[in-house]
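Spelled out, the chains give:
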Amino acid sequence: MDFQLSSLRLAQAAADKTPALLVLVQQGFEPGGDAISALIGRAIDAGDFSAEASKLLASYGAVRIAAARIVLAGIGDGSPPKVRKAVAAALAALKGANANTLTLCFAQAAAPAAIGAAVQALAEGSYRYDTTKSPGEDKDGLKLKQALIGAPEAEAARAEFDRAVGIATGVRMAREWANRPANHATPTLLAEAAQALAKLPRLRCKVLGPKEVAELGMGAFQAVARGSAEELRFIELRYQGAAKGEAPVVLVGKGITFDTGGISLKPAPEMDEMKFDMSGAASVLGVFRALAELKPALNVVGLIPACENMPDGRAIKPGDVVTSMSGQTIEILNTDAEGRLVLCDALSYAERFTPRAVIDIATLTGACVIALGGVRSGMFASDDALAEALHAAGEAALDPCWRLPLDEDYAEGLKTNFADVANVAGRPAGAVTAAKFLQRFAKAYTWAHLDIAGTAWKGGTAKGATGRPVGLLVHYLLGQMGAAASSPDGEPPAKPSSGKDGKRKSTKVVKGAKGGKTRD
Ligand code: BES
Ligand code: MN
Ligand code: ZN
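Every chain is numbered independently, its residues counted from 1 as its sequence is written. To label them, take the chains in the order written and letter them from A, then take the ligands in the order written and number them from 1. Two thresholds apply to this predicted model, a pLDDT of at least 70 for residue-level local features and 80 or more for giving and counting side-chain atom pairs, whereas whole-chain, interface and lining totals are computed over all residues. Derived side-chain values reflect all non-hydrogen atoms in the structure, with water molecules and hydrogen atoms excluded from consideration.

A.B. asks: So, the overall build of the protein chain: which residues are in play, and what are the values?
C.D. replies: Strands here are runs of E lasting at least two residues and helices are runs of H or I lasting at least four, both read from the DSSP assignment and numbered beginning at the N terminus. A tally of helices and strands in the protein chain yields 14 helices and 21 strands. Radius of gyration (C-alpha) of the protein chain: 24 Å, near the 24 Å computed for a compact globule of 520 residues. Taken along its principal axes, the extent of the C-alpha atoms in the protein chain is 80 × 55 × 45 Å. Each residue is assigned to one of three classes by its accessible area relative to the maximum for its type, calculated with a 1.4 Å probe on protein chains only: buried under 20%, partly exposed between the two thresholds, exposed over 50%. Each of the 520 residues in the protein chain was classed as buried or not, and the buried ones make up 58%. Only the protein chains shown count as covering a residue, and every accessible area follows the Shrake-Rupley method with a 1.4 Å probe. As presented, the protein chain carries roughly 20,500 Å² of accessible surface, and 52% of it is formed by carbon and sulfur atoms. We score Asp and Glu as negative and Lys and Arg as positive, and we do not count His or the chain ends. Here the site of a charge means atom NZ of a Lys, CZ of an Arg, CG of an Asp or CD of a Glu. A gap of 6 Å separates the mean positions of the 59 positive and 55 negative side-chain charges of the protein chain. Here the radius of gyration uses the C-alpha set of atoms, whereas the globule reference equals 2.2 Å times the residue count to the power 0.38.

A.B. asks: Lay out the coordination of the zinc ion (ligand 3) in plain terms, naming residues and giving numbers.
C.D. replies: Sodium, potassium and calcium take a 3.2 Å donor cutoff, other metals 2.8 Å, and in both cases only N, O and S atoms count; water is not among them, so sites may look incomplete. Surrounding the zinc ion (ligand 3) are the protein donor atoms K254 (NZ), D259 (OD), D277 (OD) and E338 (OE), which sit 2.0 to 2.4 Å from the metal. Relative to the metal, the six donor atoms surrounding the zinc ion (ligand 3) lie at angles of 78 to 175°, and the coordination shape comes out octahedral. When the donors of the zinc ion (ligand 3) are listed by position in the chain, the intervening gaps give K-x4-D-x17-D-x60-E. Between the zinc ion (ligand 3) and the manganese ion (ligand 2), the interatomic distance is 3.2 Å, and D259 donates to each metal, bridging them. In these descriptions, tetrahedral denotes four donors with every angle between 85 and 135 degrees, square planar four donors and octahedral six donors with opposite donors over 155 degrees apart and the rest between 65 and 115, and irregular any other case.

A.B. asks: Please set out the sheet that holds strand β13 (residues 329-332) residue by residue, giving values where relevant.
C.D. replies: Taken in spatial order, the three strands line up as β12-β13-β17 in an open sheet, and their pairing is mixed. Only two strands of the sheet have a single partner each, and these edge strands are β12 (320-323) and β17 (421-422). Strands pair, by our definition, only if DSSP identifies at least two bridges between them. Two strands pair when backbone bridges link them, and β13 and β17 are joined in this way by two bridges, in the parallel orientation. Residue pairing across strands places E331 opposite A422, the latter belonging to β17.

A.B. asks: Explain the pattern of salt bridges to me, and be specific about the residues and the numbers.
C.D. replies: For salt bridges, the criterion is a side-chain nitrogen of Lys or Arg within 4 Å of an Asp or Glu carboxyl oxygen. Going through the model one piece at a time under the given rule, you end up with 22 salt bridges. In this structure, E338 and K254 form a salt bridge, with 3.1 Å as the shortest nitrogen-oxygen distance. A residue pair is termed long-range when its members are at least 10 positions apart, and E338 in the loop between β13 and α10 (339-350) and K254 in the loop between β9 (249-253) and β10 (255-259) qualify at 84 residues. Using a relative accessible area of 0% as the deciding quantity, one classes E338 as buried. Residue class for K254 comes out buried when judged on its relative accessible area of 2%. Across the pair D320 and K317 runs a salt bridge whose closest N-O atoms are separated by 3.3 Å. Each member of the salt-bridge network shares a partner with another, and the members are K206, E236 and R238.

A.B. asks: Give me the lowdown on the site of ligand 1, citing residues and values where you can.
C.D. replies: Neighbouring residues are identified by heavy atoms, a residue being near a molecule or strand if any of them is within 4 Å of it. Contacts to ligand 1 come from 16 residues, most closely from K266, D277, D336, E338 and G366. Within the side chain of D259, a nitrogen or oxygen atom sits 2.9 Å from an oxygen atom of ligand 1. As used in this structure description, the phrase polar contact means that two N or O atoms lie within 3.5 Å; if the pair is within protein, one of them must be able to donate a hydrogen and the other to accept it, and residues adjacent in sequence are counted only when both atoms belong to side chains. G366 places a polar main-chain atom, nitrogen or oxygen, 2.7 Å from an oxygen atom of ligand 1. Each residue belonging to the shell around ligand 1 can be placed in one class, and the counts come to five nonpolar, four polar and seven charged. Throughout, the ten residues Ala, Val, Leu, Ile, Met, Phe, Trp, Tyr, Cys and Pro are labelled nonpolar, Asp, Glu, Lys and Arg are labelled charged, and all others, Gly among them, are labelled polar.

A.B. asks: Could you give me a rundown of the coordination of the manganese ion (ligand 2), with the residues and numbers involved?
C.D. replies: On the protein side, the manganese ion (ligand 2) has D259 (OD), D336 (O), D336 (OD) and E338 (OE) as donor atoms, found 2.1 to 2.2 Å from it. Considered as a linear motif, the donors of the manganese ion (ligand 2) on their single chain read D-x76-D-x1-E. Since its relative accessible area comes to 3%, D259 is described here as buried.

A.B. asks: Please provide a residue-by-residue account of helix α4 (residues 112-126), values included.
C.D. replies: In a regular helix each residue adds 1.5 Å, so 15 residues correspond to 21 Å; α4 covers 21 Å between its end C-alpha atoms and thus fits that length. Most of α4 sits inside the fold, with 11 of its 15 residues counted as buried. Buried within α4 we find A114, I115, G116, A117, A118, V119, Q120, A121, L122, A123 and S126. The criterion used for residue contact is that any of the two residues' heavy atoms lie within 4.5 Å. Elements in contact with the buried residues of α4: β1 (2-7), α3 (80-93), β5 (101-106), β6 (146-151) and α5 (158-179). Between the first and last residue of a helix there are one fewer steps than residues, each counted as 1.5 Å, and that sum is the expected span.

A.B. asks: Give a detailed account of the packing of α10 against helix α13 (residues 430-439), specifying residues and quantitative values.
C.D. replies: Angles shown run from 0 to 180 degrees and are taken between the N-to-C directions of axes, each axis being a line fitted to C-alpha atoms and, for helices, limited to the stretch in contact. Following both chains from N to C, one finds α10 and α13 inclined at 30°, their axes separated by 9 Å at the closest point. Here α13 runs roughly parallel to α10, going by the angle between their axes. Here the hand of the crossing between α10 and α13 comes out right-handed. Across the interface between the two elements, R340, L341, L343, C344 and L347 of α10 pack against A434, F437 and L438 of α13. Class assignment for the residues of the contact of α10 with α13 results in seven nonpolar, no polar and one charged. Throughout this description, any angle smaller than 35 degrees is read as roughly parallel, any larger than 145 degrees as roughly antiparallel, any in the 65 to 115 degree range as roughly perpendicular, and the remainder as oblique. Note on convention: near helix rotated counterclockwise from far helix by under a right angle means a left-handed crossing. Clockwise means right-handed.

A.B. asks: Quick rundown of the packing of aromatic side chains? Include the residues and the values.
C.D. replies: Stacked, tilted and edge-to-face are the three classes assigned to paired rings of Phe, Tyr and Trp, where Trp is represented by its six-membered ring and a pair needs centres within 6.5 Å; plane angles under 30 degrees give stacked, over 60 edge-to-face, the rest tilted. Summed over the entire model, instances satisfying the criterion amount to five aromatic pairs. Between the aromatic rings of F276 and W457, the centroid separation amounts to 5.0 Å while the plane-to-plane angle is 20°, which identifies the pairing as stacked. Of this pair, F276 sits in the loop between β10 and α9 (279-294) while W457 sits in strand β19 (residues 457-458), and the two are 181 residues apart along the sequence. By relative accessible area, F276 is classed as buried at 1%. Classification of W457 by relative accessible area gives buried; the value is 12%. A centroid spacing of 6.0 Å and a plane angle of 65° characterise the contact between Y349 and F353, whose relative ring orientation is edge-to-face. We classify Y349 as buried; its relative accessible area is 1%.

Purely geometric stuff here, so don't read any function into it on its own.
Below, the structure is given as structure tokens:
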């Protein structure tokens, strides 16, 4: 999807020969003398429209308006969440329209964050999964390829706009990989996607297989992978945007490409959704895609332990004890608590980067879905400053999270007579006890854990990946720029790319290619 930003007033928008024009109207709208103002004024007087949030009016072939279709959408006070909702509703109203391009125009001056929210909503609403569908099968929905965003004095929002477009590219990649069925997104294919990504500037990728993982002593990760015919992969991505010596932020994504539960087998209903159990990994890929776009002056490492969790004659059994890379022994009381087993070894591996912070991202517990639903991701942190930064990033990205506790008393249930720690406690506070397990392996650095079990995908008829928390993570990372120790070679930190010449700049969001050659 191609986005452009342009300073645009209603009089100019009226002359735009676009197939679809979407006009966002904020409370306090004062009509000018142009045709769009006249239409808005008439509709308000007739009681058919108001600037109240999510009010919609769709018309076709309006007088003195060059656009074929025009949709008016109220955005209330113009806050980013209201803009996002209004744009989503307007896109739904255009669902049957035969248009691959549109103009979205703010009727009044818009805050930069509101313009970012419009980009986010357009990108979200125009993504279609079609990788495993026959060509031409999907006749539903608007096939948007291009969008022009206009507002009076839009140039002031250029940096926000570029950030939103970069994030949209990453979110699209995360959704694409999370949506792919497990037989089209094996650990090997995920690793190939990471390697393809590493062709972009400033990115590198290293992939470890079963032999290297055994040499590292990752006994917990290996234990999960044992039951599957698919080979495990351990993916290491690096983005270098700052001086070599600058400590990186490390992101660790749970990459269970399918979670049957193993010998502790899950029930059949909705088991297909466990193809999304690599959404943490997909979000790491998406963040790196966005970094390649935004080029911040930062160092970031991405780690993905990827494997399937299957029942088999060779699979781990309840009661088995394994030795993790950290040396701690783990009694596996439930083979369905596999995420923490692959993550704990990746957390030990992260120590070698002497990181500024390590953040793991995982569809870790059903308990987190019960606690927070699909609205906020669960967030745990060993450090208040990191917790606050993640919280603020989530709010700014419209990808919110909520901090949950890590009191030592929650770790009681993980005690066992047969190993240093058990991989499960009882049912109470399941999201917290999972985090307490991980914390044992994250003592060497500042650490946070995002439980995205409720937010990474939607079920029901809207079934599909959301691409969360790519927005939260990118906002957090960009906020870290300059916060790092100054670079030894004195290079000034680069701002995320922005149109320096002040002209219209178009930024591409590449659609997922097929057949292993995927670049996004
Ligand atoms: N991948 C699941 C968590 C999950 C469940 C995510 C439902 C989204 C929806 C994870 O591996 C798991 O199975 N967790 C168990 C842990 C339990 C055995 C302690 C769970 O939540 O039931
Ligand atoms: Mn599981
Ligand atoms: Zn799982």
